[in-house]
Amino acid sequence: MDFISWLDDHIETGKRLEGVFKHDVLLEDVNDDVKIWVKGVGRAVVGIPENMGQWRILKEGGWYKTCDFILIGEHPRHGSYVFLVELKATPKDREELRPKEKDGGRMELRWNISIFHYLFSVFRTDEHDQDLDCKFTVRRFLIGNTYSRTLNARFKKEGVRGRVFDCEMYNGVCINFLATSGNTFPVRVKDMITKSK
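Residues numbered from 1 in each chain as written. Predicted model: local features only at pLDDT ≥ 70, side-chain atom pairs only at ≥ 80, totals over all residues. Heavy atoms only, no water.

## Some points on the overall build of the chain
Tallying secondary structure elements over the chain gives five helices and 11 strands in all. Buried residues in the chain amount to 48% of all 197 residues. Long-range contacts, defined here as pairs at least 24 residues apart, represent 66% of the contacts in the chain between residues at least 6 apart. By element, 47% of the accessible surface of the chain is carried by carbon and sulfur atoms, the whole surface being about 10500 Å². (Helix = DSSP H or I, 4+ residues; strand = E, 2+ residues; numbered from the N terminus. Buried < 20%, exposed > 50% of the residue type's maximum accessible area, 1.4 Å probe, protein only. Contact = heavy atoms within 4.5 Å. Areas by Shrake-Rupley, 256 points an atom, 1.4 Å probe, with all protein chains shown as cover.)

What follows is the structure in structure tokens.
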């Protein structure tokens, strides 16, 4: 059995959005009213890490939560992929973060890849093939309705037009910013792979 089919069989209902997809998926955060369509996901499973167990780590006296979604799938031209997605009403630039906001969702995106590694490890064990290996493209996305003031100013200054992926390094990982411009607009898996780092 392949990994995507195995995930579809083994992640419980309520701990994912649906089973195997063929076309598109809507990612939604009802608390911040952020929605985004991901188009062309191919065969994919979208898990909700918060519901998948106690995926938390203790650091500096507090518990870090999980990211909102982990999307694992296969693109016909770009291979297997893992997207970690955090939805915020307005993603903050690092310079704008107030102390109480800590990292604005960045830490969840930094360490939640461990969920994927765990799932893949269990899959290999369940399939009795410890030598099984597969390369996945890993991307992290911080998505909101609008950019923050500083990010908007940065894009304007640098002459960037349209919806773009703005990437920044955070504690050794690359996080991609994306704005929905206040609407539920589609973003393609192909672009999420090729236009992000």
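## With respect to the pattern of salt bridges
According to the stated counting rule, one finds nine salt bridges in the structure shown. Measuring nitrogen to oxygen at the nearest pair gives 3.9 Å for the salt bridge that ties E12 to K15. Salt-bridge contacts for R106 lead to E168; the nearest nitrogen and oxygen are separated by 2.6 Å. Of this pair, R106 sits in helix α2 (residues 106-111) while E168 sits in strand β9 (residues 166-170), placing them 62 residues apart in sequence. Residue classification places R106 among the buried residues on the basis of a relative accessible area of 0%. In this structure E168 comes out as buried when scored by relative accessible area, which is 10%. (Salt bridge = Lys/Arg side-chain N within 4 Å of Asp/Glu carboxyl O.)

## Focus: the pairing of strand β3 (residues 43-47)
Of all the five residues making up β3, four are buried; the element is thus mostly covered by neighbouring parts of the structure. As defined by bridge partners, β3 adjoins strand β6 (residues 69-75) across five bridges and the pair is classed as antiparallel. The residue of β6 that forms the bridge with R43 is E74. (Pairing = 2+ DSSP bridges.)

## Brief notes about the sheet that holds strand β7 (residues 79-87)
The mixed open sheet is built from six strands, whose spatial order is β3-β6-β7-β8-β10-β9. Both edges of this open sheet fall to β3 and β9, since each of them pairs with a single strand only. The average undirected angle you get between the axes of adjacent strands in this sheet is 25 degrees. Pairing of β7 with strand β8 (residues 136-144), which is carried by eight bridges, proceeds in the parallel orientation. The residue bridging L84 from the neighbouring strand is R140, located in β8. Seen against the sheet, helix α1 (residues 3-10) touches β3, β6 and β8 and runs at an angle of roughly 40 degrees to β3. (Axes fitted to C-alpha atoms, helices over the stretch in contact; angles between N-to-C directions.)

## A short note on the nonpolar core
Of all hydrophobic cores here, the largest spans 29 residues; its most connected members are F3, L7, I70, I72, V82, F116 and L119. Listing elements by their share of this core, those giving two or more residues are α1, β6, β7, α2, α3 (113-126), β8 and β10 (173-179). It is α3 that contributes the most residues to this core, six residues altogether. In contact with V82, other than residues within four places in its own chain, are I70, L71, I72, I113, F116, F136, T137, V138 and R139. If you look at the next biggest cluster of nonpolar residues, it comprises 23 residues, including V38, A44, Y81 and I143. (Core = buried A, V, L, I, M, F, W, Y, C linked by side-chain atoms within 4.5 Å.)

## Some details on the sheet that holds strand β2 (residues 34-39)
On the basis of which strands lie adjacent, the open sheet formed by three strands has the order β1-β2-β11 and mixed pairing. Both outer strands of the open sheet, β1 (24-29) and β11 (186-188), are each paired with one neighbouring strand and no more. Sheet twist, expressed as the average angle between the axes of neighbouring strands with direction ignored, equals 30 degrees. The pairing of β2 with β11 spans three bridges and is classified as parallel. Looking across to β11, one finds that K39 is bridged to R188.

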